[in-house]
Amino acid sequence: MAMNTRKGFRFSTYEAPGQTPFDKLFDIFQELITHTSGDFDEAIDWLRELDKEYELTDDEYTIDDFIEELKAKGYIQEEFDDNAAGGEGEEGDENGGKGNISITAKMERLIRQRALDQIFGKIKRSGSGNHKTGKSGQGDEHTGDLREYRYGDGLEHISMTESLKNAQINHGMGSFTLNEDDLVVEDTQHKAQMSTVLMIDISHSMILYGEDRITPAKKVAMALAELITTRYPKDTLDILVFGNDAWPIPIKDLPYLKVGPYHTNTVAGLQLAMDMLRRKRNTNKQIFMITDGKPSCLRLPDGTYYKNSVGLDDYIVEKCYNMARQARKLHIPITTFMIAQDAYLMQFIRHFTEANKGKAFFTGLQGLGEMIFEDYETNRKKRLK
């Protein structure tokens with residue numbers, strides 16, 4: 001493996017107090033398995049190279065010991081392909097099948113949790129996981145405020161202690177009487193839900209120019225997924241990727257996400273995102289789009305592709321603006337995170353955002369996660385009415 005392929009990794013001699021050999025390697029391994037899109041063999045190859053350079057292990061605990069402990073702890077699993085016969089000198093099962101090692105669902109979840117900790121910090125899980133709207137009325141979250149009973153209030157919201165106290169004050173202690181004027185209701189707040197679609201650009205430009213842009217975008221997606229599923233369990237998050245076309249991916253597949261030899265069909269991504277959101281019953285809907293490239297591709301009605309990688313194509317750009325306007329009519333704001341600083345691309349995003357009345361952030365790779373987190377929270381507060 002060429003040494004110049006390890007750009008972006010920095011190691012120091014510091015060791016956390018009480019850190020076991022496994023913990024030290026496991027922290028590095030989690031980062032490597034994210035960069036290699038879940039490819040265990042490639043991640044271990046990197047780990048062995050780093051071990052040679054930084055002496056991460058010793059004779060008492062080797063990389064092979066680490067692999068065995070990963071198996072024992074349920075982070076990786078070995079799958080045997082009965083159709084692949086093991087040759088001479090090649091390890092396999094008793095039937096000759098060759099084993100392939102992959103990460104488990106337990107490891108996938110841990111990678112998402114790690115991304116959440118890295119990007120959003122330690123966030124405590126709340127009981128119900130829903131965000132307040134600031135509007136009181138017939139909701140389901142108690143505010144502690146009391147008011148008189150009004151026709152239509154549910155019996156479950158009546159504060160019996162306060163109502164009985166009113167009855168005693170109003171009618172005396174001699175004979176117990178309770179009527180409608182004595183009833184007191186504990187006010188509640190509406191808790192609204194948010195449906196979010198996260199669009200991730202997987203066009204080839206996400207790894208061009210010697211800069212890995214897909215890994216930070218992938219980490220943000222994993223962190224956002226973990227945040228919503230743990231803190232806002234009644235919210236929904238759908239994730240789609242877009243290149244020449246657009247297609248949805250499940251949360252569990254995020255660690256394996258890779259770029260392809262694709263152009264950027266932003267229109268297809270927006271069309272799919274709005275189709276997903278149309279099916280949601282939540283009134284609060286939004287789209288997040290992480291991209292670093294200009295729209296350069298459209299799929300025509302006859303199934304062929306119209307592509308233009310030179311500059312901004314007016315035909316493609318106008319289609320993007322039309323999609324932004326459609327989303328606006330559906331009350332779906334689009335927040336774009338542009339991981340590029342090209343002046344003409346920034347101008348395109350400004351016009352796109354104006355057409356949608358959404359938001360745009362022009363950012364490098366640093367701080368991307370924090371901005372998505374802040375915007376997720378802010379959007380919920382601003383639009384929940």
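Summary of the structure given here. (Residues numbered from 1 in each chain as written. Predicted model: local features only at pLDDT ≥ 70, side-chain atom pairs only at ≥ 80, totals over all residues. Heavy atoms only, no water.)

Thoughts on the overall build of the protein
Right, on to step 1. Looking only at helices and strands, the protein features ten helices and 13 strands.
Right, on to step 2. Burial statistics for the protein: of 385 residues in total, 45% are counted as buried.
Right, on to step 3. Once local pairs closer than 6 in sequence are excluded, the contacts in the protein between residues at least 24 apart make up 71%.
Right, on to step 4. As presented, the protein carries roughly 20600 Å² of accessible surface, and 48% of it is formed by carbon and sulfur atoms. (Helix = DSSP H or I, 4+ residues; strand = E, 2+ residues; numbered from the N terminus. Buried < 20%, exposed > 50% of the residue type's maximum accessible area, 1.4 Å probe, protein only. Contact = heavy atoms within 4.5 Å. Areas by Shrake-Rupley, 256 points an atom, 1.4 Å probe, with all protein chains shown as cover.)

Comments concerning the packing of helix H1 (residues 21–35) against helix H6 (residues 214–231)
Right, on to step 1. At a minimum axis distance of 10 Å, the contact between H1 and H6 shows a crossing angle of 110°. Viewed along their axes, H1 and H6 adopt a mutual orientation that is roughly perpendicular. Residues Glu31, Thr34 and His35 of H1 lie in contact with H6, whose contacting residues are Thr215, Lys218, Lys219 and Met222.
Right, on to step 2. Taken together, the residues that form the contact of H1 with H6 break down as one nonpolar, three polar and three charged. (Axes fitted to C-alpha atoms, helices over the stretch in contact; angles between N-to-C directions. Parallel < 35°, antiparallel > 145°, perpendicular 65-115°, else oblique. Nonpolar A, V, L, I, M, F, W, Y, C, P; charged D, E, K, R; others polar.)

Quick word on helix H9 (residues 343–356)
Right, on to step 1. Taking 1.5 Å of rise per residue, the 14 residues of H9 would be expected to cover 20 Å, and the 20 Å separating its terminal C-alpha atoms lies within 8% of that figure.
Right, on to step 2. Burial in H9 covers these residues: Leu345, Met346, Phe348, Ile349, Phe352, Thr353, Ala355 and Asn356.
Right, on to step 3. Those residues of H9 that are buried are in contact with helix H7 (266–278), strand S9 (284–291), helix H8 (314–329), strand S12 (334–338) and strand S13 (359–362).
Right, on to step 4. In the stretch just after H9, Lys357 is the one whose phi turns positive, near 60°. (Expected span 1.5 Å × (residues − 1).)

Examining the pairing of S13
Right, on to step 1. The pairing of S12 with S13 spans four bridges and is parallel. The residue bridging Thr336 from the neighbouring strand is Ala360, located in S13. (Pairing = 2+ DSSP bridges.)

Examining the pattern of salt bridges
Right, on to step 1. What the rule picks out here adds up to 17 salt bridges.
Right, on to step 2. Lys71 serves as the salt-bridge partner of Glu68, at 3.6 Å between the closest nitrogen and oxygen. Note that Glu68 and Lys71 are positioned in helix H3 (residues 63–72) at a spacing of three residues, about one turn of the helix.
Right, on to step 3. When its relative accessible area of 47% is taken as the criterion, Glu68 is described as partly exposed.
Right, on to step 4. Residue classification places Lys71 among the partly exposed positions, given a relative accessible area of 29%.
Right, on to step 5. Taking the shortest distance from any N to any O, the salt bridge between Arg278 and Asp275 comes out at 2.6 Å. Of this pair, Arg278 and Asp275 both sit in helix H7, three residues apart, roughly one helical turn.
Right, on to step 6. Residue classification places Arg278 among the partly exposed residues on the basis of a relative accessible area of 46%.
Right, on to step 7. On the basis of relative accessible area, Asp275 is assigned to the partly exposed category, the value being 34%.
Right, on to step 8. In the salt-bridge network here, residues are joined through shared partners; they are Asp27, Glu31, Arg114 and Lys219. (Salt bridge = Lys/Arg side-chain N within 4 Å of Asp/Glu carboxyl O.)

So, the packing of helix H2 (residues 40–54) against H3
Pairs of packed helices are described in terms of their axes, by the angle between the two and the distance that separates them.
Right, on to step 1. Axis separation between H2 and H3 bottoms out at 11 Å; the angle between their running directions is 145°. Crossing hand, H2 versus H3: right-handed. Residue-level contacts link Phe40, Ile44, Leu47, Arg48 and Asp51 of H2 to Ile63, Asp64, Phe66, Ile67 and Leu70 of H3.
Right, on to step 2. In terms of residue class, the contact of H2 with H3 is built from seven nonpolar, no polar and three charged. (Left-handed = near helix turned anticlockwise from the far one by under 90°.)

Description of the sheet that holds S9
Right, on to step 1. One open sheet accounts for six strands, arranged S8-S7-S6-S9-S12-S13; its pairing is mixed. Both outer strands of the open sheet, strand S8 (246–249) and S13, are each paired with one neighbouring strand and no more. Strand after strand, the sheet turns through a mean of 20° between neighbouring axes, direction not considered.
Right, on to step 2. As paired strands, strand S7 (residues 236–242) and S8 are joined by four bridges and run antiparallel to one another. Paired with Phe242 across the strands is Ala246, a residue of S8.
Right, on to step 3. Where H6 meets the sheet, its contacts fall on strand S6 (194–201), S7 and S9, and the angle it forms with S6 comes to roughly 165°.

Considerations on the packing of aromatic side chains
Right, on to step 1. Evaluation of the coordinates by the stated rule reveals 13 aromatic pairs.
Right, on to step 2. Both rings, one in Phe26 and one in Phe29, keep their centres 6.5 Å apart while their planes meet at 20°; by these two values the pair is stacked. Of the two residues, Phe26 and Phe29 both sit in helix H1, three residues apart, roughly one turn of that helix. Note on accessibility: Phe26 and Phe29 belong to one class, buried.
Right, on to step 3. Here the aromatic residues Phe22, Phe26, Phe29, Phe40, Phe66 and Tyr75 are joined through ring pairs into a cluster of three or more.
Right, on to step 4. Positioned above the aromatic ring of Tyr75, the side-chain terminus of Lys106 is 4.7 Å from the ring centre.
Right, on to step 5. We note Arg350 situated over the ring of Phe362; from NZ or CZ to the ring centre the distance is 5.0 Å. (Phe/Tyr/Trp six-rings, centres within 6.5 Å; stacked < 30°, edge-to-face > 60°. Lys NZ or Arg CZ within 6 Å of the ring centre and 35° of its normal.)

That is the geometry; function is a separate question.
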